[in-house]
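# Structural overview
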Amino acid sequence: MSFRFLFAMAAAKLSRAVIRLFGRDGSCTPGIIAIRLCPDFLRHLKMPDKVICITGTNGKTTTSNLVAGIVRDLGYTVTNNSLGSNVQGGVATALLADSTLTGKPKKQVAVLEVDERSSLLVYKYITPDFLVCNNIMRDSLKRNAHTDFIAYILGSALSEKTHVILNADDFICSSLFPKCLSRTYFGISADRPDSDRISSRDIVYCPDCGTRLHAEYVRFDHIGRIYCPGCLKKSPEPDYCVTEIDASRDVFKIRHGGEEREYKLVNSNIVNLYNFCGAVAVLTEAGFDPDKVCAAFNAQKIVKSRYDFIEAGKLSITTQLAKGQNPVACARAFSYIASLPKKNKCVLVMTDDKHDNTNNSESVCWIYDTDFSALRDDSISEIIFAGKRCRDQRLRAVIAGVDPRKIRINDDLFEGAKMIDTDKYSDIYVLHDPYILSETGMIKNYLIERGKANED
Amino acid sequence: MKIEILFSEVCNQFGDPQNAEYLKQSCPSDTFVYTALDEEPCFASSRPDMVIMGSMSESIQRKVILKLLPLKKRIEDLIDDGVVFLMTGNAADVFCRKIDYVTEKITVDAVGLFDIDVKTDWFKRVNSKVIGDADGNTVTGFRSQFAEYSGDNSEFCFLKVERGFGFRPGHMYEGMRKKNFIATQLLGPILPLNPDFCKYLIDIAGGNGSPAHYELAKEAFDKRVAEFRDPSTEF
């Protein structure tokens, strides 16, 4: 163990204490300091008994929180970065915070959410025992470019010793890490869609032989059961499979190894079903008792920063994360809201990038890469686009076929929220970017007050 | 008017397909032909009025070059005949002289309409904005690219840059143009983002459509232009 590492550890721990003294969470800076002082800082840290990493375009935080929550409920101590940063500095901060000054772990299990772009920097020093990859989809075009690029980075980074847990229904994801021989797949066979049209824009031809791919069915984008009529490559069979989704009883079932267990349906969004199944798969493969995992799963909730539902008077208020710059996440959020069995919905869309719009003018290309067509749904009566890019969002929605008469815009988030007619609408949906959680909270409180006032 | 959209099933990154969608809504009575990568382009055997191609991954880019390289003479003839081409994002790179894929350690000869060389490095991502003038039209746009360009396009640029940059920081000539062949590194939604430029493009192609949802598009455009010209806006 080098003096450099010990010095970096001491400095980072001290910086964390000082930052927390000022009321900040210090979820990234201490790690950055440690790596600045000792570039291979992560290499010197001793890892907990089990290291589980979660990556992929969408669902990392939900899955990571779920896995960490279940492991804690099973009685283990957990190092986790889900409330902080998922880049190299955030991973280092989470680990050093739960290590002794000499780098020994204080916790039994590490559950680390790792940004795909940071994979090269993290997996160079850390070999996870298990890695869950939820999906590989389009993401921020500025950072993540395209899926080929992200697949290249992930594929270059990971040790072949890691046991990978992959989404069988994502043809890009399931093909990752070919050198990793320990492979487990998860997927969904329930509610099989009728569509066999590949709507993917990212995988159309077979990566092995170049033949145009076909599909048994497609849920969205390239998520479904896909096969190549040329070389016969096909989506792998899931080892963990969601076989039944019963929204009326709020339960779903996962089949594994001939056994089927029933779990509480915390949220019916299909993307979350994949997250849930991935979480159950990794915990079972990591050796946790499946019956205890099932019991602990049923006590979990999705963190409110991702999804929340409140009833205030006659108002039903749903807040749903719709990550700006991320075309698939936003399109899925639109689709989810449209699919809910309610009428006369009012949707407030706040997906601008707060940072990109500060002394800047955000690239709007991602808005044009996002499928807005779900907002045409008859159940949606009014859409309010709020934020600096509201005019671009409105134009994109109209090009997608949304009736312009049901769209209103406002440059200001709060003024946009005030445009909601709470006498006219009782079902209100607030779609928000992850970087405006405080603003979303204030708007949620404002709507709750309005709901209570209406009741009076 | 006949408009051919090349390889839209794979050349569809970064919102670029919305160029074709916006044109379809702007010219509803015109004919749109979608050609897949495993098909022969229509322009090889008949004269379209406009050809459009959008951004793609680098592996697809190499396949597109293989597809279009044998059609170089035909493309040159159509350019001489005044056919409009709109190549956005890294579709523009396909018509440069060569592309050096640094990360993948591959170098390929591209179609070679322009004496410009491209170096594509997956660990150097460039994001920026541009406002400039194209034949009297103010054009705004965004770039997100791995590519660096070397060569002099000052005599055949697409845009004279007002703010932002062209081939590299400090360089004021963006993209390439030969008659009505336009190759720009700006990303695809360039037509809905710039409704007056869309009208210009329809006009030079001989069409008589007008930009769809013009007032909504113009309002968004005016707001963007004001932001781009605001000295406090960072580029």
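With that out of the way, let us pick up the interface of chain A and chain B. Taken together, the contact pairs 25 residues of chain A with 37 residues of chain B. For the side of chain A that touches chain B, the secondary-structure elements that each account for two or more residues are helix H7 (141-144), helix H8 (147-157), helix H12 (365-369) and helix H13 (390-399) of chain A. At six residues, the largest contribution of residues to the side of chain A that touches chain B is made by H13(A). Among the residues forming the side of chain A that touches chain B, the class breakdown is twelve nonpolar, five polar and eight charged.

One frequently used descriptor of interface size is the decrease in accessible area upon assembly of the parts. All names here are of chain A. For chain A, the domain assignment lists domain 1 (3-184 + 267-297) and domain 2 (307-455). On the side of domain 2, twelve residues touch domain 1, which itself brings eleven residues to the contact. Per-class residue counts for the side of domain 1 that touches domain 2 are three nonpolar, five polar and three charged.

In this model, Asn344(A) sits at a positive phi of 55°, which is unusual for a non-glycine residue. Residue position: Asn344(A) is located in the loop between helix H11 (327-339) and strand E14 (345-350). A positive phi is found at Lys105(B), a non-glycine position, where the angle reads about 55°. As for its placement among the helices and strands, Lys105(B) is situated in the loop between strand E5 (98-101) and strand E6 (106-109).

Right, let's talk about the sheet that holds strand E9 (residues 240-246) of chain A for a bit. Residue and element names in this part refer to chain A. Across the sheet, which stays open at both edges, the nine strands sit in the order E2-E3-E1-E4-E5-E6-E9-E10-E11 with mixed pairing between neighbours. Looking along the sheet, the strands with just one partner apiece sit at the ends: strand E2 (78-80) and strand E11 (259-264). Taken pair by pair, the neighbouring strands of this sheet meet at an average axis angle of 20°, ignoring direction. Of the pairings in the sheet, the one linking strand E6 (residues 183-188) to E9 comprises three bridges and is parallel in character. When the bridges of E9 are listed, Gly187 appears paired with Cys241.

This part takes up the nonpolar core. Residue and element names in this part refer to chain A. Within the largest apolar cluster, 209 residues are counted, with the highest numbers of intra-cluster contacts made by Val67 and Cys277. At eleven residues, the largest contribution of residues to this core is made by helix H9 (residues 270-285). Formed jointly, this core draws a minimum of three residues from each of two domains, domain 1 (3-184 + 267-297) and domain 2 (307-455). For Cys277, the residues in contact, after removing those within four places along its chain, are Phe186, Ile188, Tyr240, Val242 and Ile254.

The rules behind the values
- Residues numbered from 1 in each chain as written.
- Chains lettered and ligands numbered in written order.
- Predicted model: local features only at pLDDT ≥ 70, side-chain atom pairs only at ≥ 80, totals over all residues.
- Contact = placed C-beta atoms within 7 Å.
- Helix = DSSP H or I, 4+ residues; strand = E, 2+ residues; numbered from the N terminus.
- Nonpolar A, V, L, I, M, F, W, Y, C, P; charged D, E, K, R; others polar.
- Domains from an automatic or database assignment.
- Pairing = 2+ DSSP bridges.
- Axes fitted to C-alpha atoms, helices over the stretch in contact; angles between N-to-C directions.
- Core = buried A, V, L, I, M, F, W, Y, C linked by C-beta atoms within 7 Å.
- Buried ≥ 20, exposed ≤ 12 C-beta atoms within 10 Å, placed from the backbone.

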